Structure formats: structure tokens, C-alpha cells
Amino acid sequence: MLDISSTKRVHANASIQLLAPAVADQIAAGEVVERPAAALKELLENSLDAGASRISIRVLGGGIDLLEVSDDGRGIPETELRLALARYATSKIQSAADLSHIASFGFRGEALAAISAVSRVHLSSRPQAAEVGRELIAEASQILDERAKARPPGTTVRVENLFANTPARKKFLKTPAAERAQCLQIIYRLALAHPEIEFTLTADDTAPVVFPRTERLASRVARVFRLGFGVEVKEDELLHFARAKPNIKVHGFVLPLRLAVKHSRHIFAFVNGRAVKDKVLSQAALAAAREVSFGGEYPQLVLFLEIDPELVDVNVHPTKAEVRFRDPSPFGFVYKAVVESLATLRLPVTEPSHAPTPTQVTQVTSDLPLELGTQFRAKLEPCASPLPHSVVVTPPSALSAQSAPAVRFLGTIHDTYLVCQDADGLLLVDQHAAHERVTYERLRGLRLEPRPQTAPLLIPIGIELGRERADLLESLAGELAKLGLAIERFGPGQIRVTELPVLLLDSAGAPRVPLANFLGGFADALAADVAPETLADEFRRTLLDAVATESCHASVRAGQTLSRLEADALLAQMQATDFAAHCPHGRPTSVRLSWNDIEKLFKRRI
Ligand code: ADP
Ligand code: MG
């Protein structure tokens, strides 16, 4: 067999000749099917294109020994079976004009030809209307046999000994375990996008995994994460997001942020139905998660973007999955979609489904609407008075006038956790974490959005940053001034700060954070050729960090006893505060013990 990649340069003087078709096929095959996962992807996409509703997949030896995909799709007519294996033979487009509106995954008519050039293929098919099926066996682009075959309607492609006739390519493969992992990724991705299709997967000697057909995308997503990625998540824990504008739509699910991870591999993005890997989308998800927590961890997430094809280049090279967005980038759009739904995570109070009964929520406290106030600073004083500094009692508001509060404060344990009851059971609320979020949202609402309020410094402050950092900040001075930070060059390694966001100033107008750290850290976080949006983003993040530190200092501590009024006020405020399900560091602010959990603990229920 010819081994393409070991061809030496010995024929330098040979005359030009057309390659034999089998050689051309092998060369082309290398591009289309780099590895088993790429072949598998092609086979699965053919099944999707054929309108399959059930697909079963077998992967042996990492897909190198065997890959088999069976579907119940429309099948291939007997007379076209040979053509399906031929190069540039496709049923999906007819003319160049069709290229501009492709509705199928495939259209190049290359995949089956490429696969059969580098393996032994059994292709069997029976169109829905046919009485009987037919099977073709091919190896290295040669048809070895063709015969009738009893089979249900649909198509099966079985690929054996991939790359056996191209040993040099085979050498580039990773271990069977690694190749298998890649095959599985392809399957899980497709399964995420197609809940309407049943997938059955058998890989080596493991028990088959089934993804039954479902109408609920959330159900499929949870199952793929559990069985495919080993992430313990329940369907009802998934947070849905959706947003639409002319020309662009996005929807999907975020997993709970407690499951956030340090890498972006669990951001599964689909652009117009195709799985893609894209920085813009994963950065948008990261930025959204940062609104909840500064951990800098990526949320796990499934995201479907539908975008006017004019606004995006999808690289349809079979083994790549890259997109390039034309202006405007969908970053802001996706960020907003995700952040809006994360913002709805407040105190997870369950409203009673009918009139409260004695075992459900009853209103015990006064109807006084209470609100945590802005005097957070006072909280740094020892907590002594019964109605503390942190709480402001305001005139009646809509909040409590209409209905009994859905959550009832029962008491404090360990001077730290508020024990509360709602329709669904008990809630333990971490008073410090909760108050931190409430304070933080208030601070950033007051002083940061839409644009930081700034104040000139009475006496400009000179800061030694070293030459490189000073150069960088000086070069950005114009942009930084727009963000509320006015600086000028002062000496070889020095800059002088003349104006700052008020957020960074104390009541006497002096900086409340060490400016050398603040600016030094900020400069270090910037790349030399930072774009204005990234700069604004990075500055905002640095500011928010400062806000978080402040809200942490300004919040009630663990160990401080809250009165009933204060506790009620905090709970009410949490229900009115975006992101209140987490403190600004991403920790949960509450933990639930449902009636169900409690009954199980007492063995009233199994
Ligand atoms: P393409 O998908 O680009 O058309 P392929 O080489 O993948 O090229 O497939 C060639 C043709 O074989 C397809 O156009 C289709 O008509 C047929 N075919 C392949 N797989 C299937 C399948 N699972 N079910 C029905 N038809 C199929
Ligand atoms: Mg195809």
C-alpha cells in the first residue's frame, strides 16, 4: 500500500503526471478524516442529514478497530449505493448556486469516499419504501462485494481498521483511550444539540449508554452532563437563558455556578446548529459568571446561537469547528443573555402554591417593610443596639403590603445562620454572605453604573510603578480618562494620579486602597496592545474587586447577632437583590433542606 507521508524526494526530476485516483483519494482522505473522531462526526452528520430519529453508535479500540453508525433515516436507494462511496458524489447540492444556502451538514460528497479510501467499509442501507436492503463492502476505495441484505429501513456504516493502509497516518494517532475520548466528545456534543434523536452508544466493553428522545432540552442536557461528563447535575438545577434581536438569537442552559471550572472545555457552543469552539462565546460566558463571583472560573454551559449567516464565517472544514464573527461581535449579546438569567438567582424562596396552612408559611412579623440601608459603614462598629445601623426602616412599600412574606425567619443558629421556613422546607442563610451580596449590589449600583462617578484628588498622588508599567499606563491615558482614572507621566517610572472613581475614595477624599497595588495590578493584567473594550472591562473588574472588598468589610459578620427585624429586612432585601443566591465570591448564600429531605431523614419516606 502506498504510504503518503513517507514519500521521499527521490523523484525530483520526474515529469508531471496525474495521480492515480486511489492515491488522490488517500491524500484527500487525510484531510477529511484526520482521526477516528473526524470520521465518526461525518457518519453522524450523514445520519442527521438523512432525518434519523434513532442513531446507535459502536466504538471499538478508540474507533481505530471499529466505528459503526446505524440510523433509521431515509436510506440510500440501491442504485445509488456505489455512488455514495464515490468522491464528489452528494445528494445534498446540485449546483454551485446551492452553496449559498446549505441546509445540511454535508455537501462536499467527500466523507464516505475518504473513509473508504483508508479503511474497510461495510455500507448497508434500505430506503423506507424498499422491501429489502443492500450492502456494499469496500476497501481502499475498491468495491469488494455487493449483495442483498436483510435489515430494517435506514443506513449502517461500519468502518474497520481505520488507516491500516496508511501506516504513517496511523502513527500520528494517540492511544486508543485518547481517540475514544475524542469520539465520545463528538457524540455528546451532537446529543446536546439533538434531544429529538435517541442516541445509543457502546464504546469498547462498557455498558451501552442511552440518551432517550425527549422534548425537554434541559432533560437531555442534564443527562449528557451526568452520563457523559460525570457532572452531578439535575434537570431542575439548570438555569435557562434566552435573548433575541433581529438577526441574532441565543438560548441555552447554565449549570449551577458551584460547578464552575477552571477551563472553558465545558462551554458547549453551537452556532446555527454546528458545534463550534470559540473564544468570543466562552469569554462572554466567563464575563457573565464574573458578575456572580470573582473566582474567574468558567461556568459549565450549553449555548445555541442562531445568527444571520451573513454575520459569521463558519469554517466548514470537516475537522475544524471554528467561527469568525463579523462586526458586531456577539460578545455583549451573549453576555447579557447569560448575566440576566444569573441575576434572577436570588434567595430561592418557594411561594406557597395555595392559601397558607399552619404548616406552611405564616406571617409572624409586623408589616413594617424593612430595607437594608446604605449605612453599611456603621456596621464596622460593635453591634449592640436592637435595631442596628445596617437596617433602615422605610415607609410601607409594595413589598409587604400585598402578601405575607413567603419566607419566615425562625431564629439564628451559631450567631451566623438564619433559619427560615418557606413552602418547600427549611432554608439556612449565611448572614454574612447574604449581606455582602446585598451591600455589593447596592454599591455597584450606586457608584459604578452606568459609568463610575469620579472626583479630582485634592493633591495629585505620584506613584512609582517602574518604567514598563508607567509607559503602558501613559499610552492608555486618554482611554483611562474616559473611565474615570486621570493620570499623567511624572518621572521615568512614575505616574501621577489626578482623578479617581469615587468608589476608591474615602469620606475625606483620600484613596481607600493602596494606589500602587491597585494600578500596578491593573497594569499587569493588561496586554500591551489592549483593545479599548478590553481595557474598560479590565478596569471595571479591578474596580469591582475593590467594591467587593469594601462590601465584605461593611457587612454583618458571622458571630454578630441579628434581631428579628434585621433578619427579616435582610431576607426581604435578598429577595429583591440580583445575584443574591451567591455572595460576591461565588459562595452560596443559602442552603435548603426540603420537607422531602427531612421526611427522608426521619424515614417517613424512602
Ligand atoms: P455528503 O454528506 O457531503 O453529501 P458523504 O460522502 O458524507 O457526502 O455522503 C455521500 C452521500 O451518501 C450523501 O449525499 C447521501 O446521499 C448518502 N448518505 C451517506 N450517509 C447516509 C445515511 N446515513 N443515510 C442516508 N444517506 C446517506
Ligand atoms: Mg456527509
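Only a predicted model underlies this, so the values are computations on that prediction, with no experimental measurement involved. (Residues numbered from 1 in each chain as written. Chains lettered and ligands numbered in written order. Predicted model: local features only at pLDDT ≥ 70, side-chain atom pairs only at ≥ 80, totals over all residues. Heavy atoms only, no water.)

**A few points about the site of ligand 1**
Stated precisely, the cut-off is as follows: Note on terminology: near, applied to a residue and a molecule or strand, indicates that one of the residue's heavy atoms is within 4 Å of it. Under the rule applied, a polar contact is a pair of N or O atoms within 3.5 Å (in protein, one hydrogen donor and one hydrogen acceptor; residues adjacent in sequence only if both atoms are side-chain atoms). All accessibility values rest on the Shrake-Rupley procedure with a 1.4 Å probe; residue burial counts only the protein chains present in the view. As a working rule, the residues Ala, Val, Leu, Ile, Met, Phe, Trp, Tyr, Cys and Pro are called nonpolar, Asp, Glu, Lys and Arg charged, and the rest polar, with Gly in that last group.
Inspection of the region around ligand 1 gives 19 residues, with Asn 46, Thr 90, Ser 91, Lys 92 and Gly 109 positioned closest. Asn 46 has a polar side-chain atom sitting 2.8 Å from an oxygen atom of ligand 1. Ala 111 places a polar main-chain atom, nitrogen or oxygen, 3.2 Å from an oxygen atom of ligand 1. Against a free-state accessible area of 530 Å², the protein chains account for coverage of 93% of ligand 1. Tallied by class, the residues present in the shell around ligand 1 amount to seven nonpolar, eight polar and four charged.

**Considerations on helix α15 (residues 532-554)**
The test is simple: Strands are runs of DSSP state E lasting at least two residues, helices are runs of H or I lasting at least four, and both sets are numbered from the N terminus onward. To estimate how far a helix should extend, the number of its residues minus one is multiplied by 1.5 Å. Only protein chains enter the accessibility calculation, which uses a 1.4 Å probe. A residue is then buried if its area is under 20% of the maximum for its type, exposed if over 50%, and partly exposed in between.
For α15, built from 23 residues, the straight-helix expectation of 33 Å at 1.5 Å per residue is met to within 8% by its first-to-last C-alpha distance of 33 Å. Every buried residue of α15 is accounted for by Leu 535, Glu 538, Phe 539, Thr 542, Leu 543, Leu 544, Ala 546, Val 547, Ala 548, Glu 550, Ser 551 and Ala 554.

**Focus: the side chain of Thr 155**
Stated precisely, the cut-off is as follows: Any pair of residues with heavy atoms lying within 4.5 Å of one another is described as a contacting pair.
Within the element layout of this structure, Thr 155 appears in strand β6 (residues 154-160). In terms of polar contacts, Thr 155 uses its side chain to reach the side chain of Ser 125, at 2.8 Å. Not counting chain neighbours up to four residues away, the residues in contact with Thr 155 comprise Val 69, Ser 70, Asp 71, Gly 75, Ile 76, Leu 123, Ser 124 and Ser 125.

**Things to note about the layout of surface pockets**
Convention followed: The rule is simple: put a 1 Å grid over the protein atoms alone, call a set of points where a 1.4 Å probe fits but cannot get out a cavity, call an open set with protein on both sides within 12 Å along at least five of seven lines a pocket, and count a residue as lining if it has an atom within 4 Å of a point. Grid points are joined across faces, edges and corners, and a volume is the space filled by probe spheres set on the points.
Taken as a whole, the second largest pocket holds about 950 Å³ of empty space. Every residue lining the second largest pocket is counted, 25 residues in all, and those nearest its centre are Asp 236, Glu 237, Pro 256, Arg 258 and Pro 348. Across the lining of the second largest pocket, the residue classes break down as 14 nonpolar, four polar and seven charged.

**Comments concerning the environment of Ala 50**
Counting through the fold element by element, Ala 50 comes out in the loop between α2 (36-49) and β1 (54-60). Separated by 26 residues in sequence, Ala 50 and Ile 76 have C-alpha atoms that sit 9.1 Å apart. Setting aside its immediate chain neighbours within four residues, Ala 50 contacts Gly 73 and Arg 74.

**Concerning the packing of aromatic side chains**
For any pair of aromatic rings, the description rests on two quantities: the centre-to-centre distance and the angle between the ring planes. Note the following rule: Two aromatic rings from Phe, Tyr or Trp, using only the six-membered ring of Trp, form a pair when their centres are within 6.5 Å; if the ring planes differ by under 30 degrees the pair is stacked, by over 60 it is edge-to-face, and anything between is tilted.
This model, assessed by the stated rule, comprises nine aromatic pairs. Aromatic side chains Phe 225 and Phe 268 sit 5.7 Å apart centroid to centroid with 80° between the ring planes, which places their arrangement in the edge-to-face category. With Phe 225 in helix α7 (residues 217-229) and Phe 268 in strand β11 (residues 267-271), this pair connects stretches of sequence that are 43 residues apart. For the pair formed by Phe 225 and Phe 268, the shared burial category is buried. For the ring pair Phe 229 and Phe 268, a centre distance of 4.9 Å and an interplane angle of 5° mean the geometry is stacked. Of this pair, Phe 229 sits in helix α7 while Phe 268 is found in strand β11, placing the two residues 39 residues apart along the sequence. Residues Phe 229 and Phe 268 agree in their burial class; the two are buried.

**Looking at a nonpolar patch on the surface**
For clarity, the cut-off: Like-charged residues are merged into a patch within 9 Å and nonpolar side chains (Val, Leu, Ile, Met, Phe, Trp, Tyr) within 5 Å, provided each residue has over 30% relative accessible area and no salt bridge. Here, a salt bridge means any Lys or Arg side-chain nitrogen found within 4 Å of an Asp or Glu carboxyl oxygen.
Together, Ile 413, Tyr 417, Leu 428 and Val 591 make up a nonpolar patch on the protein surface, roughly 330 Å² of accessible area in all. Following the sequence through the fold, Ile 413 ends up in strand β18 (residues 408-413).

**Regarding the sheet that holds strand β3 (residues 120-126)**
The cut-off we apply is this: Here a strand pair is declared whenever DSSP counts at least two bridges between the two strands. Where helices are involved, their axes are fitted lines through C-alpha atoms of the stretch in contact, as for all axes, and angles between N-to-C directions lie from 0 to 180°.
Read across the sheet, eight strands follow the order β5-β4-β3-β6-β2-β1-β7-β8 without closing on themselves; strand pairing throughout is mixed. Taken across any chain shown, the strands that pair with only one partner, and hence form the sheet edges, are β5 (142-149) and β8 (209-211). Strand-to-strand, the axes of this sheet are offset by a mean angle of 10°, without reference to chain direction. The sheet contact formed by β1 and strand β7 (residues 198-203) spans six bridges and is parallel. Looking at β7, one finds that Ile 55 is bridged to Phe 199. Here α2 sits on the sheet and contacts β1, β2 (66-71) and β6; the angle it forms with β2, its principal contact strand, is near 10°. In the packing of helix α6 (residues 176-193) onto the sheet, contacts are made with β1, β2, β7 and β8, and the angle to β7 comes to roughly 170°.

**Some words on the sheet that holds β11**
Reading across the sheet, the five strands line up as β9-β10-β13-β11-β12 and stay open at both edges, with mixed pairing between neighbours. Whereas interior strands pair on both sides, the edge strands pair on one side only; in this sheet they are β9 (239-245) and β12 (274-276). In this sheet, neighbouring strand axes are inclined to one another by 20° on average, regardless of whether the strands run parallel or antiparallel. Where strand β10 (residues 248-254) meets strand β13 (residues 301-307), seven bridges bridge the pair, whose relative direction is antiparallel. The partner of Ile 248 across the bridge, within β13, is Ile 307. The sheet strands contacting helix α9 (residues 331-343) are β9, β10 and β13, and the helix crosses β9 at an angle near 140°.

**Digging into the pattern of salt bridges**
Applying the stated criterion across every chain, the model contains 33 salt bridges. Between Arg 258 and Glu 237 there is a salt bridge, with its nearest N and O atoms 2.3 Å apart. On the criterion of sequence distance, the pair formed by Arg 258 in the loop between β10 and β11 and Glu 237 in the loop between α7 and β9 is long-range, its members being 21 residues apart. Each of Arg 58, Glu 68, Arg 120, Glu 139, Arg 158 and Glu 160 takes part in one network of salt bridges that share partners.

**Here we look at the packing of α6 against α7**
The geometry of a pair of packed helices is captured by two quantities: the angle between their axes and the separation between those axes. Selection criterion: Small angles under 35 degrees read as roughly parallel and large ones over 145 as roughly antiparallel, with 65 to 115 read as roughly perpendicular and the rest as oblique. Note on convention: the crossing is left-handed when the near helix lies turned anticlockwise from the far helix by less than a right angle, right-handed when the turn is clockwise.
Axis separation between α6 and α7 bottoms out at 9 Å; the angle between their running directions is 165°. Classified by the angle between their axes, α6 and α7 sit roughly antiparallel to one another. For the element pair α6 and α7, the recorded crossing hand is left-handed. On α7, the residues that touch Gln 185, Tyr 188, Ala 191 and Leu 192 of α6 are Leu 217, Arg 220, Val 221, Val 224, Phe 225, Leu 227, Gly 228 and Phe 229. Taken together, the residues of the contact of α6 with α7 break down into nine nonpolar, two polar and one charged.

**Regarding unusual backbone geometry**
In the Ramachandran plot, Phe 579 falls in the positive-phi region, its phi being about 65° despite a non-glycine side chain. By the secondary structure assignment, Phe 579 is in the loop between α16 (564-575) and β24 (590-594). Even without glycine at this site, Lys 603 takes up a positive phi of about 55°. Counting through the fold element by element, Lys 603 comes out in the segment after α17 (595-601). Relative accessible area serves as the criterion here: at 73%, Lys 603 is assigned to the exposed category.

**Some details on the environment of Glu 351**
The topology assignment puts Glu 351 in the loop between α9 and β16 (370-372). Taking the C-alpha atoms as reference points, Glu 351 and Asp 422, separated by 71 residues in sequence, lie 7.1 Å from one another. With residues up to four places along the chain from it excluded, the contact list for Glu 351 reads Ala 406 and Ala 423.

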